Amino acid sequence: MIGSYIAVCVYVIIVLVSQCVRNVKAIVSRAILALLAVIVVLSGISATLGLSVWCRLPLNPLSSQVLPFLLVAIGVNDFFVITLGGLDQTNPNDPIEDR
C-alpha cells in the first residue's frame, strides 16, 4: 500500500515538473508543491480514520485499504485541476493578487 502512495507522489512530481521548463526555482517549487499536496490528502485520511476510531465505528477492509487510496486519487486530481488548469493559464508577469 505504501508503494502505491510513493508511485502517486512520483507521478505527480513528474507531471508537474514536465509542465514547467522556465527555471530551476519553478521546478523545485512544483516538486515541493506536489509532495505537500499528497501529504495534505494523507493527513486528511489519517484524521478521518482517527475520528472513526475515536467514535468507535467499526473498520472494515473498505474503510482501511480501498477508501484511502481513492481519496488520494481524488485529492491529487483536484490538485491537478487547480495547478494546471488555473495557475498555469495566467500571465506570470501579473501581480499575485490578479493571478
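Here, the structure is the one placed above.
Note that the structure is a prediction, hence the values are computed from the model and not measured. (Residues numbered from 1 in each chain as written. Predicted model: local features only at pLDDT ≥ 70, side-chain atom pairs only at ≥ 80, totals over all residues. Heavy atoms only, no water.)

A.B. asks: What is the right way to read the nonpolar core from this model?
C.D. replies: Looking at soluble globular proteins, one finds that nonpolar side chains tend to be buried together. The biggest cluster of nonpolar side chains holds 15 residues, and the ones touching the most others in it are Val12, Leu16, Val72, Val76, Phe79 and Phe80. The greatest single-element share of this core, amounting to 6 residues, is contributed by helix α1 (residues 2-18). Not counting residues up to four positions away in its chain, the partners in contact with valine 76 are Val8, Val12 and Val38. (Core = buried A, V, L, I, M, F, W, Y, C linked by side-chain atoms within 4.5 Å. Buried < 20%, exposed > 50% of the residue type's maximum accessible area, 1.4 Å probe, protein only. Helix = DSSP H or I, 4+ residues; strand = E, 2+ residues; numbered from the N terminus. Contact = heavy atoms within 4.5 Å.)

A.B. asks: It is not clear to me how α1 should be interpreted in this structure. Could you clarify?
C.D. replies: Since one α-helical turn is 3.6 residues long, residues separated by three or four positions face the same way. For α1, which comprises 17 residues, the first-to-last C-alpha distance of 24 Å matches the rise-based estimate of 24 Å (1.5 Å per residue) to within 8%. Of the residues making up α1, those classed as buried are Tyr5, Val8, Cys9, Val12, Val15 and Leu16. Down the axis of α1, the sector holding all buried residues measures 135 degrees, keeping them to one side. Opposite its buried face, α1 presents the exposed residues Ile6, Tyr11 and Ile14, each directed more than 90 degrees away. (Expected span 1.5 Å × (residues − 1). Arc of directions from axis to C-beta.)

A.B. asks: Quick question: what am I supposed to make of a nonpolar patch on the surface here?
C.D. replies: A surface patch of nonpolar side chains, amounting to about 550 Å² of accessible area, comprises Val24, Val28, Ile32, Leu35, Leu36 and Ile39. The residue isoleucine 39 is located in helix α2 (residues 24-54) in this model. (Patch = residues over 30% accessible without salt bridge, like charges linked within 9 Å, V, L, I, M, F, W, Y side chains within 5 Å. Areas by Shrake-Rupley, 256 points an atom, 1.4 Å probe, with all protein chains shown as cover. Salt bridge = Lys/Arg side-chain N within 4 Å of Asp/Glu carboxyl O.)

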